[in-house]
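# Fold and contact review
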Number of protein chains: 2
Amino acid sequence: MPYELYYWPSIQGRGEFVRLALEEAGAPYVDIWREGSMRDVDFGEHPSFAPPYLKDGKKIIGQTANILLYLGEKHGLHPKSEAGRLWTHQIQLTIADLVVEAHDTHHPLGGDFYYEDQKPESLRRAKLFRESRIPKFLDWFETILARNPKGDGFLVGARVSTADLSLFQVVEGLSYAFPKAMKRAAAKVPRVVALRDRVAARPRIKAYLKSERRIPFNEDGIFRRYPELDG
Amino acid sequence: MPYELYYWPSIQGRGEFVRLALEEAGAPYVDIWREGSMRDVDFGEHPSFAPPYLKDGKKIIGQTANILLYLGEKHGLHPKSEAGRLWTHQIQLTIADLVVEAHDTHHPLGGDFYYEDQKPESLRRAKLFRESRIPKFLDWFETILARNPKGDGFLVGARVSTADLSLFQVVEGLSYAFPKAMKRAAAKVPRVVALRDRVAARPRIKAYLKSERRIPFNEDGIFRRYPELDG
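Keep in mind that this is a model prediction, so the values were computed, not measured.

With 34 residues of chain B at the interface, the matching set in chain A holds 34 residues. If you list the elements that add at least two residues to the side of chain B that touches chain A, you get β4 (59–62), α2 (64–74), α3 (82–104) and α4 (119–147) of chain B. A per-class count over the side of chain B that touches chain A returns 16 nonpolar, 11 polar and 7 charged.

As structure tokens, this is what we get:
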């Protein structure tokens with residue numbers, strides 16, 4: 001039985017981190033809300049607070065990083081050792097923090113106001129994000145790659161993990177939303193850039209990115225190209 | 001060898017979720033930065049992006065929810081089944097999302113500006129948080145308790161988990177920061193209120209809350225009492 005992914009049909013958003021893991025695993029899945037109907041799961045005892053959530057037979061799992069923990073273990077996209085799994089998940093949760101901050105550049109006052117109603121606030125928050133937060137996060141990833149005892153090919157150990165796929169997505173997203181800031185920042189993190197390229201070249205990811213299953217970035221998602229926020 | 005917890009010494013903050021788990025487990029730990037020195041760990045291959053982090057022998061684990069995943073499994077504060085563990089972690093990650101939003105009520109433009117420099121923005125964001133987000137999150141917890149097949153004594157199964165301890169902390173924090181809004185909201189979630197009381201009455205938690213190890217809430221932490229933000 002294929003997995004069922006429930007996520008907004010018109011954006012990459014948080015669902016994209018799950019899609020990338022499913023694609024890399026070669027796991028059959030149905031992207032339910034992209035199939036034309038917005039039917040929902042019957043949550044029973046385990047309601048999700050928000051999409052994405054993933055149905056695997058009778059199991060329903062919510063929270064992006066939690067879904068990746070599940071898929072990572074099941075499809076060999078996480079290390080087998082406890083220490084390796086915890087470390088991968090730690091990176092994954094830090095990526096989740098970065099994603100919240102990226103979102104908040106255009107919604108510092110919360111999701112219930114339109115961007116147009118919080119533009120001056122967005123300008124202030126985005127400046128800080130560009131100048132201080134992006135470099136700090138990227139430097140952290142660069143350090144992890146540099147210190148990986150198995151080499152700088154992947155974030156954890158010698159094999160691809162969900163964290164690598166997610167970092168690829170973050171670099172893509174930041175490059176879309178903040179092309180100028182990212183050009184400057186990327187020059188200082190060659191290992192991160194090389195990892196992005198390495199993930200993009202993986203056969204299944206490459207095929208996915210070319211397919212119609214990959215929704216283009218747009219201004220409804222997390223990573224939005226508002227030139228004024230790029231300084 | 002006792003655990004070593006590394007977290008800011010003058011606030012509850014995110015470290016408090018870890019402290020509560022350690023206290024409930026009766027696990028020996030040293031709250032390193034409260035001991036008078038700000039010595040840091042030698043991270044080696046596993047640098048943490050930010051405190052809290054926990055040292056257990058040679059292991060260093062970062063990200064609050066990840067630390068709780070580790071402690072939960074080790075000290076029987078998570079269910080043993082895979083489904084139960086994932087569900088507990090899903091709740092934990094949703095609590096983490098709520099904590100970010102609570103923090104952002106006084107720092108909508110980010111952590112590099114003082115509250116005083118983002119007060120009008122805080123007023124707008126806090127209104128949304130009080131009127132829309134607090135009720136939505138609390139209602140979700142209430143639903144989980146109501147649907148727990150083992151009864152509404154705990155969030156997951158029939159035993160206390162890290163998620164219960166963390167929900168206690170969130171209710172305490174919100175009640176400190178938004179006493180008026182929480183009084184209204186609490187009236188609609190009797191199971192959540194009862195859980196808060198149940199956790200507070202647990203012998204080890206009760207002793208902890210009375211001890212000097214419990215740092216009082218204050219206006220440097222996540223939950224701050226700024227009356228103007230309580231409407």
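Residues and elements named next belong to chain A. Closest axis-to-axis distance for the helix α5 (residues 162–177)/helix α7 (residues 190–200) pair is 9 Å, and the angle between their directions is 110°. By the criterion of interaxial angle, the relationship of α5 to α7 is roughly perpendicular. Here D164, L165, L167, F168 and V171 of α5 come into contact with α7, specifically with V192, L195, R196, V199 and A200. Among the residues forming the contact of α5 with α7, the class breakdown is 8 nonpolar, no polar and 2 charged.

This part is about the domain arrangement of chain A. Residue and element names in this part refer to chain A. What the domain assignment lists for chain A is domain 1 (3–74) and domain 2 (82–202). Taken together, the 12 residues of domain 1 in the interface contact 13 residues of domain 2. Among the secondary structure elements, those contributing two or more residues to the side of domain 1 that touches domain 2 are α1 (15–25) and α2 (64–74). Looking at the side of domain 1 that touches domain 2 element by element, the count peaks at 6 residues for α2. Classifying every residue of the side of domain 1 that touches domain 2 by side-chain character gives 7 nonpolar, 2 polar and 3 charged.

All right, on to the nonpolar core then. By size, the foremost hydrophobic cluster in this structure holds 122 residues, and its most contacted members are A21(A), L167(A), L174(A), A21(B), L167(B) and L174(B). Those residues within four positions of L174(A) in sequence are excluded, and the remaining contacts are A102(A), I134(A), M182(A) and F223(A).

On to the pairing of strand β3 (residues 53–56) of chain A. Residues and elements named next belong to chain A. Where strand β1 (residues 3–6) meets β3, 3 bridges bridge the pair, whose relative direction is antiparallel. Each residue of the ladder has a partner; that of Y6, found in β3, is Y53. Here β3 runs beside strand β4 (residues 59–62); their pairing, made up of 4 bridges, is antiparallel. Bridged to K55 within β4 is I60. Two successive antiparallel strands, β3 and β4, enclose a turn made up of 2 residues, where G57 displays a positive phi of approximately 65°.

Residue and element names in this part refer to chain B. Following both chains from N to C, one finds α4 and helix α7 (residues 190–200) inclined at 80°, their axes separated by 8 Å at the closest point. As the angle between them shows, α4 and α7 are arranged roughly perpendicular. Along the contact surface, α4 presents L138, F141, E142, L145 and A146, while α7 presents R191, V192 and L195. Tallied by class, the residues present in the contact of α4 with α7 amount to 6 nonpolar, no polar and 2 charged.

The subject of this paragraph is the sheet that holds β3(A). All names here are of chain A. Strands sit in the order β2-β1-β3-β4 across an open sheet of 4 strands; the sheet is mixed. Two strands in the sheet have a free side with no partner beyond their single neighbour: β2 (29–31) and β4. For this sheet, the mean angle separating the axes of adjacent strands, direction not counted, is 20°.

Our focus in this paragraph is helix α4 (residues 119–147) of chain A. With 29 residues, α4(A) should cover 42 Å at 1.5 Å per step; its first-to-last C-alpha distance of 40 Å lies within 8% of that length. Maximal helix bending in α4(A) amounts to about 40°, located at F129(A).

Our focus in this paragraph is the environment of D164(B). Within the secondary structure, D164(B) sits in helix α5 (residues 162–177). For the pair D164(B) and L195(B), spaced 31 residues apart in sequence, the C-alpha separation works out to 7.5 Å.

Parameters at a glance
Residues numbered from 1 in each chain as written. Chains lettered and ligands numbered in written order. Predicted model: local features only at pLDDT ≥ 70, side-chain atom pairs only at ≥ 80, totals over all residues. Contact = placed C-beta atoms within 7 Å. Helix = DSSP H or I, 4+ residues; strand = E, 2+ residues; numbered from the N terminus. Nonpolar A, V, L, I, M, F, W, Y, C, P; charged D, E, K, R; others polar. Axes fitted to C-alpha atoms, helices over the stretch in contact; angles between N-to-C directions. Parallel < 35°, antiparallel > 145°, perpendicular 65-115°, else oblique. Domains from an automatic or database assignment. Core = buried A, V, L, I, M, F, W, Y, C linked by C-beta atoms within 7 Å. Buried ≥ 20, exposed ≤ 12 C-beta atoms within 10 Å, placed from the backbone. Pairing = 2+ DSSP bridges. Expected span 1.5 Å × (residues − 1). Bend = angle between axes of the 7 residues up to and from the residue.

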